Amino acid sequence: MDQCPECGNRRFVSKLLVYEVTGYDEGGEQEFRRQHVRAEFEYTCSECQTTLRTLPAERRDYYDEVAVLETERRAALRDQLRQLGRRVWQRLAARTTWLALGLVTLVTGLVIAL
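On a predicted model such as this, the values are computed, not experimentally measured, just so you know. (Residues numbered from 1 in each chain as written. Predicted model: local features only at pLDDT ≥ 70, side-chain atom pairs only at ≥ 80, totals over all residues. Heavy atoms only, no water.)

Now for the overall build of the protein chain. The number of helices and strands found in the protein chain is 1 helix and 3 strands. The burial tally for the protein chain puts 12% of its 114 residues in the buried class. Of the contacts formed within the protein chain by residues at least 6 apart in sequence, a portion of 48% connects residues at least 24 apart. Split by element, the accessible area of the protein chain, about 9,600 Å² in all, is 55% carbon and sulfur. (Helix = DSSP H or I, 4+ residues; strand = E, 2+ residues; numbered from the N terminus. Buried < 20%, exposed > 50% of the residue type's maximum accessible area, 1.4 Å probe, protein only. Contact = heavy atoms within 4.5 Å. Areas by Shrake-Rupley, 256 points an atom, 1.4 Å probe, with all protein chains shown as cover.)

In structure tokens form, the structure reads like this:
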């Protein structure tokens, strides 16, 4: 299957399923609550919102999804570091320009005074 059985659309949204387990004592009071993330995805057709439990053919599996997320995280980190470097460089260049202007003014003042 490489398309939605309902509408024929080929675009899907994947959702990681999270299960919550809650325990109760004899009196009905809650004892604990835990969340379990399972290596299982639910796929929803972007057009008609039909929910599929099985991965459509030619779509990514769980490990591919993890690899894609890791690649996107690394790219975002590189982008943030690049932007930080640019900002630092711009501030340094602005301060260096003011410092150079001040130095030229000082030298010019000394030359005129002599």
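Next up on the list: a nonpolar patch on the surface. A contiguous nonpolar surface patch, about 490 Å² in accessible area, is contributed by Leu 103, Leu 106, Val 107, Leu 110 and Val 111. Along the chain, Val 111 falls in helix H1 (residues 62–113). (Patch = residues over 30% accessible without salt bridge, like charges linked within 9 Å, V, L, I, M, F, W, Y side chains within 5 Å. Salt bridge = Lys/Arg side-chain N within 4 Å of Asp/Glu carboxyl O.)

What follows deals with the UniProt feature "transmembrane region" (unreviewed entry) in the protein chain. According to UniProt, the positions carrying the feature "transmembrane region" (unreviewed entry) are residues 92–113. Spanning residues 92–113, this segment combines 100% helix with 0% strand, and its end C-alpha atoms are found 31 Å apart. (UniProt positions renumbered as here; feature names shortened; annotations may be inferred.)

Taken as a whole and judged by the stated rule, the model has 0 disulfides. A disulfide-free cysteine, Cys 7 has its sulfur positioned 3.6 Å from the sulfur of Cys 45, the nearest such atom. (Disulfide = S-S within 2.5 Å.)

So, about the pattern of salt bridges. The final tally for this structure, using the stated rule, is 3 salt bridges. Of the charged contacts in the structure, one is a salt bridge between Arg 73 and Glu 70, with a shortest N-O distance of 2.6 Å. With Arg 73 and Glu 70 both in helix H1 and 3 residues apart, the pair spans about one turn of that helix. In this structure Arg 73 comes out as partly exposed when scored by relative accessible area, which is 45%. Across the pair Glu 70 and Arg 74 runs a salt bridge whose closest N-O atoms are separated by 3.2 Å. Placement of the pair is Glu 70 and Arg 74 together in helix H1, with a separation of 4 residues, close to one helical turn. With relative accessibility at 48%, the residue Arg 74 sits in the partly exposed group.

Let us look at the environment of Thr 51. Assignment of secondary structure puts Thr 51 in strand E3 (residues 51–52). When the C-alpha atoms of Thr 51 and Cys 4 are compared, they prove to be 9.3 Å apart, with 47 residues separating the residues in sequence. Apart from residues no more than four positions distant in its own chain, Thr 51 is found in contact with Glu 42, Tyr 43 and Thr 44.

What follows deals with a negative patch on the surface. A cluster of like negative charges, contributed by Asp 25, Glu 26, Glu 29 and Glu 31, occupies part of the molecular surface. Within the secondary structure, Glu 26 sits in the loop between strand E1 (12–24) and strand E2 (30–45). (Lys, Arg positive; Asp, Glu negative; His and termini not counted. Charge placed at Lys NZ, Arg CZ, Asp CG, Glu CD.)

This prediction gives the protein chain a mean pLDDT of 77; 75% of its residues lie at or above 70. Taken element by element, the protein chain is modelled with least confidence in E2, mean pLDDT 73, and with most confidence in H1, mean pLDDT 82. (pLDDT = per-residue confidence, 0-100.)

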